[in-house]
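# Structure assessment
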Amino acid sequence: MKFVTPLLLAALSLLFASCTPRKETQAYDLIPYSVVRIFPHDRDAFTEGLLVEQGRLFESTGGEKSWIAEVDIASGRQDKKVMLEKKYFGEGIAIVHNKVYQLTYQSHVGFIYALRTFKKTGEFKYDHEGWGMTFDGTHLILSDGTEKLRFLDTLSLKEISLLKVQDSDGAVNNLNELEFIDGFIFANQWQTNYILKIDPSTGNVVGRVDLSPIADRVSSVDQQADVLNGIAYEKKSGMLLVTGKHWPSLYAIRLEKKDAPK
């Protein structure tokens, strides 16, 4: 199902809430944002990866029912879906040149699928845990739950460089789901309500989005809801889609222009 950009653009006129991050003293900017629209999300989905490609929304999940799927944003239903064998715990996904790349948690193997058919076409190996993944236009970027981001060559799928992420307090751990937005890496920080904005040239955290107001709202109405995880950038509307593990909703948010990705 196509990700209908006009639906999101029209939703700008329905802006119903602004979320003000909690005030904290930081060496980097807190990035304010507004909620534009709320979409349904499959609350059984243990979300690990989220992205928009060619106007379509894709999601991957972990746990005993790990899958990758194309998702109808209007309903939250999966239109095209691949289930992993039970021995695999699915993790993040990225799309490069009409191929879907998927990580697994501790099996040290990733899978490659044809984007159009979701037919499995290959595998690749790595010697660390697999958490999040994104594509910067040149390299696949992987997180492994530490402060490290690993850059892979898209042909050999071998690691060619390593970036350590830090802020004013030192190493920043628990980097999870990733999204590359206009020259910066955005990362969910596991077990927090934060999305970190990272400069890939230095590894420095240069901004942070505090989604605590959204997470608090979700947990107050659904006790099954788990941690925040999932970032997808929709280029035409300039909005981020965010959700979490077992969340009943997916939120379209807009970063304020002065702090939006440049």
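Quick caveat, the model's predicted, so the values are computed rather than measured.

### A few points about the pattern of salt bridges
On inspection of all chains with the given rule, the structure shows seven salt bridges. We note a salt bridge from Asp222 to Arg43, for which the minimum N-O separation is 2.7 Å. One end of the pair, Asp222, is in the loop between helix 2 (212-221) and strand 22 (228-234); the other, Arg43, is in the loop between strand 3 (33-40) and strand 4 (47-53), with 179 residues separating them in the sequence. A salt bridge links Lys80 to Glu70; the shortest N-O distance between them is 3.7 Å. Placement of Lys80 in strand 7 (residues 78-83) and of Glu70 in strand 6 (residues 67-71) is noted, with a sequence separation of 10 residues between them. Just as Lys80 is buried, Glu70 falls in that class too. Each of Arg56, Glu70 and Lys80 takes part in a single network of salt bridges with overlapping partners.

### Examining empty space enclosed by the protein
What the rule picks out here adds up to one cavity of 30 Å³ or more. Counted as a void, the largest cavity has a volume near 30 Å³. Taken together, Pro40, His41, Leu50, Leu57, Glu59, Val71, Asp72, Ile73, Gly76 and Leu250 make up the lining of the largest cavity.

### Re the packing of aromatic side chains
Scanning the entire structure with this criterion turns up nine aromatic pairs. In textbook terms, an aromatic cluster arises when at least three aromatic residues are bridged by ring pairs, as seen for Phe46, Phe89, Tyr105, Trp131 and Trp190. One Lys or Arg, Lys80, reaches over the ring of Phe118 and ends 4.7 Å from the middle of that ring. The ring of Phe184 carries Lys197 above its face, with NZ or CZ at 4.4 Å from the centroid.

### Quick word on the nonpolar core
In terms of nonpolar packing, the biggest core is built from 22 residues, with Leu211, Ile214 and Ile253 touching the most fellow members. Elements with a minimum of two residues in this core: strand 3, strand 19 (184-189), helix 2, strand 22, strand 23 (239-244) and strand 24 (249-255).

### Observations concerning the side chain of Thr47
Following the sequence through the fold, Thr47 ends up in strand 4. In terms of polar contacts, Thr47 uses its side chain to reach the backbone carbonyl oxygen of Gly244, at 3.5 Å. Aside from chain neighbours lying at most four places away, what touches Thr47 is His41, Glu59, Ser60, Thr61, Asn229, Gly230, Thr243, Gly244 and Lys245.

### Quick notes on the sheet that holds strand 11 (residues 120-125)
Across the sheet, four strands lie side by side as 8-9-10-11; this open sheet has antiparallel pairing. If you trace the sheet from one side to the other, it starts and ends with strand 8 (90-96) and strand 11, each paired once. This sheet shows a mean twist of 25 degrees between the axes of neighbouring strands, independent of strand direction.

### Focus: the confidence of the model for the chain
For the chain, the average pLDDT comes to 89, and 87% of its residues sit at 70 or higher. A low-confidence stretch, residues 1-18 (pLDDT under 50), is modelled with 49 contacts involving residues beyond four sequence positions or located in other chains. This stretch, residues 20-26, has a pLDDT under 50; its non-local contacts, to residues over four places away or in other chains, come to 13 contacts.

### Here's the deal with the sheet that holds strand 15 (residues 159-164)
The strand order across the open sheet built from four strands is 12-13-14-15, with neighbouring strands paired in antiparallel fashion. If you trace the sheet from one side to the other, it starts and ends with strand 12 (133-135) and strand 15, each paired once. Going across the sheet, the axis of each strand differs from the next one's by a mean of 25 degrees, ignoring polarity.

### Some words on the pairing of strand 22
The element strand 22 is extensively covered by neighbouring structure, given that seven of its seven residues are classed as buried. With five bridges connecting them, strand 22 and strand 23 associate as antiparallel partners. Paired with Glu234 across the two strands is Met239, which belongs to strand 23. Counted along the chain from strand 22 to the antiparallel partner strand 23, the turn is four residues long, and its residue Gly238 has a positive phi close to 70 degrees.

### Here we look at the layout of surface pockets
The calculated volume of the largest pocket comes to roughly 560 Å³. Along its surface, the largest pocket is lined by 25 residues, and Val52, Glu53, Glu179, Tyr233 and Lys235 are the ones closest to its centre. Secondary structure elements with two or more residues in the lining of the largest pocket: strand 4, strand 8, strand 12, strand 18 (175-181) and strand 22. Examining the composition of the lining of the largest pocket, we find that four residues originate from one element, strand 18, more than from any other. Its residues assigned to classes, the lining of the largest pocket shows 12 nonpolar, six polar and seven charged. Counted as a void, the second largest pocket has a volume near 200 Å³. Lining the second largest pocket are 13 residues, with Asp44, Ala45, Phe46, Lys65 and Trp67 positioned closest to its centre. Tallied by class, the residues present in the lining of the second largest pocket amount to four nonpolar, four polar and five charged.

Rules used in this analysis
Residues numbered from 1 in each chain as written. Predicted model: local features only at pLDDT ≥ 70, side-chain atom pairs only at ≥ 80, totals over all residues. Heavy atoms only, no water. Salt bridge = Lys/Arg side-chain N within 4 Å of Asp/Glu carboxyl O. Helix = DSSP H or I, 4+ residues; strand = E, 2+ residues; numbered from the N terminus. Buried < 20%, exposed > 50% of the residue type's maximum accessible area, 1.4 Å probe, protein only. 1 Å grid on protein atoms, 1.4 Å probe; cavity = no way out; pocket = protein on both sides within 12 Å on 5 of 7 lines; lining within 4 Å. Points joined across faces, edges and corners; volume = space filled by probe spheres on them. Phe/Tyr/Trp six-rings, centres within 6.5 Å; stacked < 30°, edge-to-face > 60°. Lys NZ or Arg CZ within 6 Å of the ring centre and 35° of its normal. Core = buried A, V, L, I, M, F, W, Y, C linked by side-chain atoms within 4.5 Å. Polar contact = N/O pair within 3.5 Å; in protein donor to acceptor, adjacent residues only side chain to side chain. Contact = heavy atoms within 4.5 Å. Pairing = 2+ DSSP bridges. Axes fitted to C-alpha atoms, helices over the stretch in contact; angles between N-to-C directions. pLDDT = per-residue confidence, 0-100. Nonpolar A, V, L, I, M, F, W, Y, C, P; charged D, E, K, R; others polar.

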